Amino acid sequence: MKKTVLITGAAKGIGRAIAIKFSKLDYKVVINYNKSYELAKQLQSELLKENKDIYICKADITKKEEIENLVNFTLEKCGSIDVLVNNAGISKANLFIEDSIDEMNEIIAVNLMGTLNVTQTVLKKYMINKKDGAIINLSSIWGITGASCEVMYSTTKAAIIGFTKSLAKEIGPSNIRVNTVAPGFIMTDMTSNYTQEEINDFKSKIPLDRVGNTDDIAGVVTFLASDDASYITGQVISPNGGVVI
Ligand code: NAP
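The structure reproduced in this document is the subject of the present report. What you are looking at is a predicted structure, and each value in this text was computed from that prediction instead of being measured. (Residues numbered from 1 in each chain as written. Predicted model: local features only at pLDDT ≥ 70, side-chain atom pairs only at ≥ 80, totals over all residues. Heavy atoms only, no water.)

**Quick word on the side chain of T191**
Then step 1. The topology assignment puts T191 in the loop between β6 (176-181) and α7 (196-203).
Then step 2. With near-sequence residues (within four places) excluded, T191 lies in contact with F185 and I186. (Helix = DSSP H or I, 4+ residues; strand = E, 2+ residues; numbered from the N terminus. Contact = heavy atoms within 4.5 Å.)

As structure tokens, this is what we get:
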């Protein structure tokens, strides 16, 4: 029987590559989007050529009611949620002393509370009773090392690692695995405001001598969801070209 994956923020960037990879592996795929309706629709049309079970669903993951709808929609359309990928995220480069309370709350609401609320809803509505599942959270190398001028972003991404480790211990006995993928520098809209000079400077510090692409991350996510990773839980895997070892 086909498995189902729910991916937050999957209309573009890393989430999009993850959706494509799961579709190729013949999963039923639910592509969550918030603002990128056109891109979600486009991706759905593309994937439907090879896989009939591709769905799109709007939900702002900072809103509890929209999360409930997203999870209900997935269960109604697909009948299960075998894999949850908490990919949606935002970043903001700022000096910490210039971060407003509203900006801090926004980044916490999406990156941290969004991930927590989606996960809790999926666990309550499906995975705990099913006693099966895999959850993959997107952190960042900045969640491991910390990053100047991205203090709030790094703080939320570090919290995701703490969340992953704690939850893995709590729900391991329910046969649910929880892992984190912590990418290095990946070319997407999120990194599009970096100048070529900044990218070259970052690249010069990467042992594999290139910045990452979205497929570098998607492959790790699908591996962590697979039976080949059946004894892996509570771990942080960081595809980063060796820049953080
Ligand atoms: P991106 O291209 O900017 O995509 C971000 C995604 O998050 C979009 O699909 C967006 O959906 C979604 N999103 C944002 N706010 C949302 C909300 N309130 N509700 C639902 N979805 C929301 O960024 P990306 O580079 O692919 O990043 C994906 C993940 O990887 C993030 O968690 C990011 O922190 C992490 N990451 C990225 C890098 C990198 O270098 N790019 C490195 C480390 C970690 P809509 O467009 O539909 O609103």
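**A short note on the pattern of salt bridges**
Should the charged atoms of two oppositely charged side chains come close, the side chains can pair.
Then step 1. Taken as a whole and assessed by the stated rule, the structure comprises 11 salt bridges.
Then step 2. The residue K125 makes a salt bridge to E68 at a minimum N-O spacing of 3.2 Å. Note that K125 is positioned in helix α4 (residues 101-130) and E68 in helix α3 (residues 64-78), a separation of 57 residues in sequence.
Then step 3. Looking at K125, the relative accessible area reads 32%, which means it is partly exposed.
Then step 4. By relative accessible area, which is 27% here, E68 ends up partly exposed.
Then step 5. D201 is the partner of K205 in a salt bridge, and the nearest nitrogen-oxygen pair spans 3.1 Å. (Salt bridge = Lys/Arg side-chain N within 4 Å of Asp/Glu carboxyl O. Buried < 20%, exposed > 50% of the residue type's maximum accessible area, 1.4 Å probe, protein only.)

**Overview of the nonpolar core**
Then step 1. Core analysis: the biggest nonpolar cluster contains 32 residues, and I7, F22, V29, I31 and V85 have the highest contact counts within it.
Then step 2. Counting only elements with at least two residues in this core, the list comes to β1 (4-7), α1 (13-24), β2 (28-33), α2 (37-48), β3 (54-58), β4 (83-86), β5 (133-138) and α8 (214-225).
Then step 3. If we skip the residues at most four places from it in the chain, V29 touches V5, I7, A19, F22, S23, D53, I54 and Y55.
Then step 4. Counting residues in hydrophobic clusters, the runner-up holds 26 residues, among them L6, C78, M127 and F163. (Core = buried A, V, L, I, M, F, W, Y, C linked by side-chain atoms within 4.5 Å.)

**Examining the site of the ligand**
Then step 1. Taken together, 30 residues are adjacent to the ligand, and N34, S36, N87, Y153 and T188 come closest.
Then step 2. Taking D60, its side chain carries an N or O atom lying 2.9 Å from a nitrogen atom of the ligand.
Then step 3. At a separation of 2.9 Å, an oxygen atom of the ligand approaches a polar backbone atom of I186.
Then step 4. When the ligand sits alone it has 890 Å² of accessible area, and the protein chains cover 93% of it.
Then step 5. Of the residues assigned to the shell around the ligand, the class counts are 13 nonpolar, 12 polar and five charged. (Near = heavy atom within 4 Å. Polar contact = N/O pair within 3.5 Å; in protein donor to acceptor, adjacent residues only side chain to side chain. Areas by Shrake-Rupley, 256 points an atom, 1.4 Å probe, with all protein chains shown as cover. Nonpolar A, V, L, I, M, F, W, Y, C, P; charged D, E, K, R; others polar.)

**A closer look at unusual backbone geometry**
Then step 1. Even without a glycine there, the phi angle at D26 is positive, about 65°.
Then step 2. Among the structural elements, D26 can be located in the loop between α1 and β2.
Then step 3. A positive phi is found at C149, a non-glycine position, where the angle reads about 70°.
Then step 4. By relative accessible area, which is 33% here, C149 ends up partly exposed.

**Looking at the packing of aromatic side chains**
Then step 1. In this structure the tally under the stated criterion is six aromatic pairs.
Then step 2. Between W142 and F202 the ring centres are 5.9 Å apart and the planes differ by 75°, which places this aromatic pair in the edge-to-face class. In this pair, W142 sits in helix α5 (residues 141-145) while F202 sits in helix α7, placing the two residues 60 residues apart along the sequence.
Then step 3. A relative accessible area of 22% means that W142 is categorised as partly exposed.
Then step 4. On the numbers, 5.4 Å between centres and 40° between planes, the contact of F185 with F202 is tilted. Taken together, the residues F185 in the loop between β6 and α7 and F202 in helix α7 connect sequence positions 17 residues apart.
Then step 5. Judged by relative accessible area, F185 falls into the buried class, the value being 9%.
Then step 6. Here F202 falls in the buried class, since its relative accessible area comes to 15%.
Then step 7. Chaining the aromatic ring pairs together yields one cluster made of W142, F185, Y194 and F202. (Phe/Tyr/Trp six-rings, centres within 6.5 Å; stacked < 30°, edge-to-face > 60°.)

**Some thoughts on the packing of α3 against α4**
Then step 1. Two elements in contact, α3 and α4, have axes separated by 10 Å at closest approach and are oriented at 40°. In terms of orientation, α3 lies oblique with respect to α4. You can see that α3 and α4 cross each other, and the crossing is right-handed. The segment α3 lies against α4, with K64, I67, E68, V71, N72 and L75 engaging G114, N117, V118, Q120, T121, V122, K125 and Y126.
Then step 2. Within the contact of α3 with α4, the residues separate by chemical class into six nonpolar, five polar and three charged. (Axes fitted to C-alpha atoms, helices over the stretch in contact; angles between N-to-C directions. Parallel < 35°, antiparallel > 145°, perpendicular 65-115°, else oblique. Left-handed = near helix turned anticlockwise from the far one by under 90°.)

**Things to note about a nonpolar patch on the surface**
Then step 1. Where nonpolar side chains cluster on the molecular surface, the patch consists of L95, F96, I97 and V151 and spans about 390 Å² of accessible area.
Then step 2. Relative to the elements of secondary structure, F96 occurs in the loop between β4 and α4.
Then step 3. Taking the relative accessible area as the measure of exposure, F96 reaches 41% and is therefore partly exposed. (Patch = residues over 30% accessible without salt bridge, like charges linked within 9 Å, V, L, I, M, F, W, Y side chains within 5 Å.)

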